[in-house]
Amino acid sequence: QVQLVESGGGLVQPGGSLRLSCAASERIDIDNIMAWFRQAPGKEREFVGSSVRDKTFYADSVKGRSTVTRDNVKSTISLQIDSLKPEDTAVYYCAADTRRATAAFYSKLRYDVWGRGTQVTVSP
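These numbers were taken from a predicted model, which means no experiment stands behind them. (Residues numbered from 1 in each chain as written. Predicted model: local features only at pLDDT ≥ 70, side-chain atom pairs only at ≥ 80, totals over all residues. Heavy atoms only, no water.)

This part takes up the packing of aromatic side chains. A full pass over the atoms with the stated rule returns seven aromatic pairs. Ring geometry for F105 and Y106: centres 5.3 Å apart, planes at 80°, overall edge-to-face. For F105, a relative accessible area of 27% gives the class partly exposed. Where Y111 meets W114, the ring centres are 6.2 Å apart and the plane angle is 80°; that geometry is what we call edge-to-face. For Y111, a relative accessible area of 4% puts it in the buried group. Taking relative accessible area as the criterion, W114 reaches 25% and is therefore assigned partly exposed. Grouping aromatic residues by their ring pairs yields a cluster made of F37, F47, F57, F105, Y106, Y111 and W114. When the ring centre of Y93 is taken as origin, the NZ or CZ atom of R45, which lies over that ring, is 3.7 Å away. The ring of W114 carries the charged tip of R45 above its face, separated from the ring centre by 5.0 Å. (Phe/Tyr/Trp six-rings, centres within 6.5 Å; stacked < 30°, edge-to-face > 60°. Buried < 20%, exposed > 50% of the residue type's maximum accessible area, 1.4 Å probe, protein only. Lys NZ or Arg CZ within 6 Å of the ring centre and 35° of its normal.)

Our focus in this paragraph is the sheet that holds strand β3 (residues 18-24). Sheet architecture is open: four strands sit in the order β1-β3-β8-β7, paired in antiparallel fashion. The sheet is open, and its two edges are formed by β1 (4-7) and β7 (66-71), each paired on a single side. Ignoring strand direction, the axes of neighbouring strands in this sheet form an average angle of 15°. Pairing of β1 with β3 involves four bridges; the strand directions are antiparallel. Residue pairing for β3: V5 is matched across the bridge by A23. (Pairing = 2+ DSSP bridges. Helix = DSSP H or I, 4+ residues; strand = E, 2+ residues; numbered from the N terminus. Axes fitted to C-alpha atoms, helices over the stretch in contact; angles between N-to-C directions.)

Take the state of the cysteines next. Defined simply, a disulfide is a covalent bond joining two cysteines at their sulfur atoms. Following the criterion strictly, the structure yields one disulfide and no others. The disulfide partner of C22 is C94, and the S-S distance across this bridge is 2.1 Å. Measuring the twist about the S-S bond at about -80°, one finds the C22-C94 disulfide to be left-handed. Highlighted residues: C22 in strand β3 and C94 in strand β9 (residues 90-96), separated in sequence by 72 residues. A single burial state applies to C22 and to C94, both of which are buried. (Disulfide = S-S within 2.5 Å.)

Given below as structure tokens:
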């Protein structure tokens, strides 16, 4: 079973930037979608961005200031967020669909493999 490990979280000032990385223990095919989700305290885990083949998708909350980058050779996926806001504070999770499921790409039900998460705190 493939394992995912996130890294890069931490404390960032509002307006700053942060890059999160997710490494897979085994190769994940480019045809298998990978994604980033986040969950703030008391909130539902929500979709942030994803990548499959040459396509990327972003939630409206981060669109225009975020970039998802996929490296199929290394089986890694990164999330760059610029102009960070306090509402970006959350635990960020990396996820992968190894089964090529049928749920929507923005649904957490699509993904069967999850990392443990990395904390991102945006505060002065």
